[in-house]
Amino acid sequence: MSLIAPGFDESVIVRSAEAEVVGRAPTTIRLLADSSSTGGALSTQRVTLSGGADGAKPHRHDGSAELFYMLDGTAQLLSGDQVVTAGRGDLVVVPPGLPHAFAAAPGEDADILIVITPGVERFEYFRHLERIAYGKVPPESLLDVQEVYDTYFLGSAAWDEARA
């Protein structure tokens, strides 16, 4: 069994009012702690989705697990070929390499705390997504940075069917 020895020696404290917010309704992301602030232990953000909004399309991370904790609302999560509906207080942890995606359930809101461990520098990834949403860069530009963010996009018939 291996243990990740994080390289930081002080607590990371992020006040709600100080967290950077990326996007706007129906999808907002609060950037809480990036890998560089936790010595590589984790990166975390809070994603708020309203009215059945999509969160992330099917993808995988080769080097990190991803934890989804439902703070409130109802979400759909792809885990492999299975689509799971999760509600307030539910936890889903996806191992490295397993395809996954998430969205608010149709017609619902979802507030999700997401933790990736070991951490990957993710803040710039979310800023990149915001630039795509505002038409500043094309969606295909994400393909050029998949390795940088350990985020590899995939197709999923199960996800497409659940979100249709």
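Residues numbered from 1 in each chain as written. Predicted model: local features only at pLDDT ≥ 70, side-chain atom pairs only at ≥ 80, totals over all residues. Heavy atoms only, no water.

**Q** Describe in detail the packing of aromatic side chains, supporting the description with residues and values.
**A** Scanning all chains against the criterion turns up three aromatic pairs. With a centroid separation of 5.4 Å and 55° between ring planes, the pair formed by F68 and F102 is classed as tilted. Separated by 34 residues along the polypeptide, F68 in strand 5 (residues 65-79) and F102 in strand 8 (residues 100-104) bring together distant segments of the chain. In this structure, F68 and F102 share a single accessibility class: buried. The structure contains a cluster of three or more aromatic residues connected by ring pairs, namely Y125, F126 and Y149. One Lys or Arg, R122, reaches over the ring of Y125 and ends 4.5 Å from the middle of that ring. (Phe/Tyr/Trp six-rings, centres within 6.5 Å; stacked < 30°, edge-to-face > 60°. Helix = DSSP H or I, 4+ residues; strand = E, 2+ residues; numbered from the N terminus. Buried < 20%, exposed > 50% of the residue type's maximum accessible area, 1.4 Å probe, protein only. Lys NZ or Arg CZ within 6 Å of the ring centre and 35° of its normal.)

**Q** Describe the pattern of salt bridges, and please don't skip the residues or the numbers.
**A** When their charged atoms lie close together, side chains carrying opposite charge are able to pair. Scanning all chains against the criterion turns up seven salt bridges. Among the salt bridges present, the one from R127 reaches E20, with a minimum N-O distance of 2.7 Å. Here R127 is found in helix 1 (residues 123-133), whereas its partner E20 is found in strand 1 (residues 20-24), with 107 residues between them in sequence. Its relative accessible area of 34% is what places E20 among the partly exposed residues. Each of E20, E124, R127 and R131 takes part in salt bridges that share partners, so that together they form one network. (Salt bridge = Lys/Arg side-chain N within 4 Å of Asp/Glu carboxyl O.)

**Q** Describe in detail unusual backbone geometry, supporting the description with residues and values.
**A** With an omega dihedral of 20°, the bond running from A25 to P26 counts as a cis peptide bond. Looking at the element boundaries, P26 is found in the loop between strand 1 and strand 2 (27-33). Here the amide bond leading from T117 into P118 is cis, since omega sits at -10°, within 30 degrees of zero. Within the element layout of this structure, P118 appears in the loop between strand 9 (110-117) and helix 1.

**Q** Please give an account of the side chain of D111 that cites residues and values.
**A** Along the chain, D111 turns up in strand 9. A residue is classified by how much of its surface remains accessible, and D111, at 11% relative accessible area, is buried. Only 2.4 Å separates the side chain of D111 from the side chain of R46, close enough to count as a polar contact. In this structure D111 touches R46, V47, T48, Y69, M70, L71 and D72, once residues within four positions along its chain are discounted. (Polar contact = N/O pair within 3.5 Å; in protein donor to acceptor, adjacent residues only side chain to side chain. Contact = heavy atoms within 4.5 Å.)

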